[in-house]
Amino acid sequence: MARRLAGFSEDGDLVPEEVAYLREVYSRLRALQTRAAVVRWMAGEGFVTTAGNPWTTGVLTRTMLNPRLAGLDSEGNPIEGAPVVITPEERQELLALLAPSDESASTDGEQDERSEPEEREWLLAGPATVGSCGLCASPLTVFWAAAEKPIYRCPPPPPKGAERENPAVGEAPEQSCGRISMSAPLLERGVAEQLLAELLRPEAAEHLEALLADVIAEIARLREHRKKAERHLQRVTTTLRTAPDSMRAGLLEAQKAAQKEGRDTRTRLRYLEKIVDVSPPLGDAEALVAWWEKAPLASKRALVALEIIKVSVGPGRRGPNPNPHDRIDIAWS
Ligand SMILES: [Zn+2]
């Protein structure tokens with residue numbers, strides 16, 4: 001007997017709670033989380049497949065790419081009146097993100113974690129996104145259609161009529177316009193050129209030092225905060241053990257909030273601790289450019305994070321040899 005597809009009842013109606021977490025899966029994949037990371041998140045939330053098993057990357061991939069999720073038949077044609085969990089456009093995005101690369105092509109069975117593609121990292125998107133849409137200010141995401149060049153783009157808004165009664169958890173309430181996109185290499189190169197020019201200004205070294213001092217101060221603050229937060233969590237957890245039933249709900253809520261805060265603080269700390277290691281050679285254009293070309297992406301990201309608050313990308317103009325700098329507006333720290 002064919003298994004029920006997640007998101008749909010046996011009669012083909014939507015199952016709202018499953019739709020909600022599949023939407024969240026979609027959001028996380030679109031944010032370039034790896035399948036392994038998404039599966040870990042699902043396990044942590046206690047989600048299981050319709051067969052009652054833990055999700056695996058293989059099952060997740062097959063489910064998310066199942067055409068029925070987007071209201072399509074096996075040929076990819078829309079099925080009249082079919083309910084959808086993701087739109088056909090969103091499915092295209094997932095196809096681009098999840099299409100197996102040659103060496104990890106596995107037609108069936110569970111994919112093991114080693115075949116998971118590397119967590120993709122971009123200069124201007126990811127954990128601390130500085131790329132933003134010049135029209136609607138939404139964070140830019142990287143869209144990488146297979147075999148094409150990656151582009152930064154303002155994510156397309158959900159199509160009219162696809163507004164869901166159960167908006168997915170964690171989805172941004174405000175809508176992106178989807179009207180800005182720019183080749184990733186072109187945008188990254190443009191930003192790098194402006195950043196290096198900025199770093200060659202006479203006062204750059206002093207400025208960078210001040211920025212680093214701010215980060216170091218924030219790290220100290222966060223470490224202190226983390227200690228207090230850990231003690232608080234411990235107290236809540238201890239109280240919870242002997243608390244009367246009437247207090248449990250509130251305490252559990254407090255425990256959850258404290259755990260989340262702890263995670264957020266640790267993430268921010270790890271991020272900042274990486275940033276403070278960066279030390280580009282300033283004052284010598286050639287050395288700086290050579291450093292940039294060889295530097296690991298993490299160092300470049302660190303420098304971007306230090307020096308740049310936001311990179312706004314404006315609409316492109318048609319014409320011969322458009323200048324990418326016309327579209328890039330950088331807010332410096
Ligand atoms: Zn936009």
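Residues numbered from 1 in each chain as written. Predicted model: local features only at pLDDT ≥ 70, side-chain atom pairs only at ≥ 80, totals over all residues.

Quick word on the sheet that holds strand β2 (residues 141-143)
Here is step 1 of the chain: On the basis of which strands lie adjacent, the open sheet formed by 3 strands has the order β2-β3-β4 and antiparallel pairing. With partners counted over all chains shown, the strands left at the sheet margins are β2 and β4 (181-183), one partner each. Strand-to-strand twist across the sheet, computed as the mean angle between neighbouring axes with direction ignored, equals 30°.
Here is step 2 of the chain: As judged from the 3 bridges shared by strand β3 (residues 151-153) and β4, these two strands associate in the antiparallel manner. (Pairing = 2+ DSSP bridges. Helix = DSSP H or I, 4+ residues; strand = E, 2+ residues; numbered from the N terminus. Axes fitted to C-alpha atoms, helices over the stretch in contact; angles between N-to-C directions.)

As for helix α9 (residues 297-307)
Here is step 1 of the chain: Residues of α9 that are buried: K300, R301, A302, L303, V304 and A305.
Here is step 2 of the chain: Its buried side turned inward, α9 meets α5 (184-199), α7 (245-275), α8 (285-294) and β5 (308-313). (Buried ≥ 20, exposed ≤ 12 C-beta atoms within 10 Å, placed from the backbone. Contact = placed C-beta atoms within 7 Å.)

Side note on the sheet that holds β5
Here is step 1 of the chain: Reading across from one edge, β1-β5-β6 is the order of the 3 strands in this open sheet, with mixed pairing throughout. Single-partner strands in this sheet number two, and they are β1 (131-133) and β6 (328-332). Across this sheet, the average inter-strand angle for adjacent strands is 30°, counted without regard to direction.
Here is step 2 of the chain: Bridging between β5 and β6 involves 5 bridges; their strand directions are antiparallel. Looking at the pairing, V313 lines up with I328 of β6.
Here is step 3 of the chain: α5 rests against β5 and β6 of the sheet, and its axis sits at about 40° to β6.

Side note on the confidence of the model for the chain
Here is step 1 of the chain: On average, residues of the chain score 83 in pLDDT, and 86% of them reach the 70 mark or higher.
Here is step 2 of the chain: Considering only residues more than four positions removed or in separate chains, one finds that residues 101-119, a stretch of pLDDT under 50, has 18 contacts.
Here is step 3 of the chain: Across residues 164-173 the pLDDT falls below 50, and counting only partners more than four positions away or on other chains, this stretch makes 13 contacts in the model. (pLDDT = per-residue confidence, 0-100.)

Considerations on the nonpolar core
Here is step 1 of the chain: L124, L140, Y152, L187, V191, V304 and V313 are the most contacted members of the largest nonpolar core, which has 25 residues in total.
Here is step 2 of the chain: A total of 5 residues in this core trace back to one element, the largest contributor, which is α5.
Here is step 3 of the chain: When residues no more than four places from it in sequence are discounted, the contact partners of V304 are L123, L124, V130 and L195.
Here is step 4 of the chain: If you look at the next biggest cluster of nonpolar residues, it comprises 18 residues, including V25, M42, W55 and I86. (Core = buried A, V, L, I, M, F, W, Y, C linked by C-beta atoms within 7 Å.)

With respect to the environment of R28
Here is step 1 of the chain: Structurally, the position occupied by R28 is in helix α1 (residues 16-30).
Here is step 2 of the chain: Counting along the chain gives 13 residues from R28 to W41, while the straight-line C-alpha distance between them is 9.8 Å.
Here is step 3 of the chain: Once you skip the residues sitting within four places of it in the chain, R28 turns out to touch Q33, V38 and W41.

Some details on the pairing of β5
Here is step 1 of the chain: Across 3 bridges, the pairing between β1 and β5 is parallel. Counterpart to C133 in the pairing with β5 is V313.

A closer look at the packing of helix α2 (residues 35-45) against helix α3 (residues 57-64)
Helix packing geometry: the angle between the two helix axes and the distance between the axes.
Here is step 1 of the chain: Contact geometry of α2 with α3 gives a least axis separation of 9 Å together with a crossing angle of 100°. Between α2 and α3, the crossing angle belongs to the class labelled roughly perpendicular. On α3, the residues touching R35, A36, V38 and V39 of α2 are T57, L60 and T61.
Here is step 2 of the chain: When the residues that make up the contact of α2 with α3 are grouped by side-chain class, the tally is 4 nonpolar, 2 polar and 1 charged. (Parallel < 35°, antiparallel > 145°, perpendicular 65-115°, else oblique. Nonpolar A, V, L, I, M, F, W, Y, C, P; charged D, E, K, R; others polar.)

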